[in-house]
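So the chains spell out like this:
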Amino acid sequence: MATQSNMRKSGPAADIIPPHAYPPPLRKAQARAFVENLMSDAVLERTEKVLDAHKDNLRSAVLSHLGCLEEDLEGGDFRAVYEQAHEIRGLAGTAGLKYTGRIAFGLCNYLEAMTRSGGTPDVAVIELHVDAIARAARSGEDFQALGEEVTSQLSALVRRRLGEPAKARS
Amino acid sequence: MSAPAFDHLKALVVEDNAHMRTLLRSLLLALGLKNVYEAADGLTGFEELRSRKPDFVLSDLSMKPVDGIEFTRMVRMGNDSPNPYVPIIMVTGHTERQRVEAARDAGVTEFLAKPITAQNLLLRIIEIVERPRPFVRCENYFGPDRRRHRDEDYAGPWRRQDDVKDDLDIC
């Protein structure tokens, strides 16, 4: 156990406010009742049903953002492409579209890296991602093995492109 | 039958995507909460925090004009914050280390990664209700203790004056 003698202060002093010194969300007895309620199978089942019930709605939202994504790509607006890919990435996983989310995540990463480096994004890389997102989302992702292959190939492509010198990219 | 003891528990959902906001609200209602409030960005969220006084907050990370990180800073450090101790669960798809660290350093209590699952949401809420964290106030930080894991073999350096007694108290 640590003792006062081996304490070495290497940073600024800090005040610690223990949990009982500020108002907690629930008092102890209430917290226990609430947690017991949350841990029941019925609650888990109910929340899973809610998630399932929202999946169609979320998938529709993904498809709606996908339409915008394709339009923004057509118009060459990469900032808007990023915004739409970001929305898709946030919704797709919870909508049960795992690969759609992963490919959108890859596209966001690529565009973020290009923004950070000040480089010009490669349109072909973006087009490949958008095409893959569209195929995955519109098919409802009925392709486990192919999905893995496509996402890993696209990740490798982004790694290669980001690894290349800026001059070669432009 | 009398109402459950937690019937009055209030939650605030701060999320710019309407679909995700509706989903989070529905999930919280399914957990048995009766009072779930919504805001579409951090600024509105802060106003709702003031007027509704929620017991915990579920917030998205990326929003405009005020994102989840800035919202958390306003709650923790703002002079006009109505409750700097309110637990904030940050819902995020960002796995980028820098963003997550910035959110943690702003004072986020828990992270809920997308895709959202019922079990992960339950676990985060149980965590904030059952094990409220100590708060730390120092020169450049105010928020929940950021140390989540205690290494029994850790020999220092000890950065806080009360690290020794605190060593036994932190849950």
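Here, every reference points to the structure presented above.
Throughout, residues of each chain are indexed from 1 in the direction in which the sequence is written. To label them, take the chains in the order written and letter them from A, then take the ligands in the order written and number them from 1. Only residues with pLDDT of 70 or above have their local features reported here, since the model is predicted, and side-chain atom pairs are shown and tallied only from 80 upward, although totals for entire chains, interfaces and linings are computed over all residues.

**Let's talk about the overall build of chain A**
- For chain A, the helix and strand inventory stands at seven helices and one strand.
- Each helix and strand of chain A, placed in order from N terminus to C terminus, yields the pattern β-α-α-α-α-α-α-α.
- Going through the 170 residues of chain A one by one, you find that 35% of them count as buried.
- A pair of residues counts as a contact when their C-beta atoms, built from backbone coordinates, are within 7 Å of each other. The long-range fraction of contacts in chain A, counting pairs at least 24 apart against all pairs at least 6 apart in sequence, stands at 64%. Secondary structure counts use DSSP, requiring at least four H or I residues in a row for a helix and at least two E residues in a row for a strand, with both numbered from the N terminus. To assign burial, the other C-beta atoms lying within 10 Å of each residue's own C-beta are counted, with C-beta atoms placed from the backbone; 20 or more indicates buried, 12 or fewer indicates exposed, and intermediate counts indicate partly exposed.

**What about the overall build of chain B?**
- A count of helices and strands for chain B gives six helices and seven strands.
- In chain B, the succession of helices and strands from N to C terminus is β-α-β-α-β-α-β-α-β-α-β-β-α.
- Counting every position in chain B, which comprises 171 residues, the buried fraction comes to 43%.

**Re the pairing of strand E2 (residues 35-39) of chain B**
Residues and elements named next belong to chain B.
- In terms of strand pairing, strand E1 (residues 10-14) meets E2 through five bridges, oriented parallel. Of the residues in E2, the one forming a bridge with Lys 10 is Asn 35.
- We call a crossover right-handed when, viewed with the strands running away from us, the connection from the first strand over the helix to the second turns clockwise. A crossover links E1 with its parallel partner E2, the connecting element being helix H1 (residues 18-30), and its sense is right-handed. In short, DSSP must find at least two bridges between two strands for them to pair.

**A closer look at helix H5 (residues 118-130) of chain B**
- What a helix should span is 1.5 Å times the count of its residues minus one. Between its terminal C-alpha atoms H5 of chain B stretches 18 Å, which fits the 18 Å expected from 13 residues at 1.5 Å a residue.
- Among all positions of H5 of chain B, only Ala 118, Leu 121, Arg 124, Ile 125, Ile 128 and Val 129 of chain B are buried. Axial view of H5 of chain B: buried residues confined to an arc of 135°, hence all on one face.
- Residues of H5 of chain B that are buried make contact with helix H1 (28-38) and helix H2 (41-74) of chain A together with H1, strand E3 (56-60), strand E4 (88-92) and strand E5 (110-113) of chain B. Note that the arc is computed from the directions linking the helix axis to the C-beta atoms.

**Points about the nonpolar core**
All names here are of chain A.
- Ranked by size, the top nonpolar core spans 79 residues in total, and within it Val 62, Ile 88, Ala 104 and Ile 133 carry the most contacts.
- No other element matches the nine residues that helix H4 (residues 98-117) contributes to this core.
- Sequence-distant contacts of Ile 88, defined by excluding residues within four places in its chain, comprise Val 62, His 65, Leu 66, Leu 69, Thr 100, Ala 104 and Ile 133. Think of a nonpolar core as buried Ala, Val, Leu, Ile, Met, Phe, Trp, Tyr and Cys residues chained together by C-beta atoms that fall within 7 Å.

**Quick word on the sheet that holds strand E7 (residues 141-144) of chain B**
- Strands sit in the order E1(A)-E6(B)-E7(B) across an open sheet of three strands; the sheet is antiparallel. Looking at strand neighbours, the two that pair on one side only are strand E1 (15-17) of chain A together with E7 of chain B, the edges of this open sheet. On average, each strand axis in the sheet is inclined to that of its neighbour by 15°, with strand direction left out of account.
- Judged from the four bridges that link them, strand E6 (residues 135-138) of chain B and E7 of chain B form a sheet pairing that is antiparallel. Each bridged residue has a counterpart across the sheet, and for Val 136 of chain B the counterpart in E7 of chain B is Gly 143 of chain B. A fitted line through C-alpha atoms represents every axis, and for helices the fit uses only the stretch in contact; the resulting angles, taken between N-to-C directions, go from 0 to 180 degrees.

**Concerning helix H3 (residues 68-77) of chain B**
Residue and element names in this part refer to chain B.
- Burial analysis of H3 places eight of its 10 residues in the buried class, which makes it a mostly covered element.
- Within the span of H3, buried status applies to Gly 68, Ile 69, Phe 71, Thr 72, Arg 73, Met 74, Val 75 and Arg 76.
- Close packing links the buried residues of H3 with E1, helix H2 (42-52), E3, E4, helix H4 (97-106) and E7.

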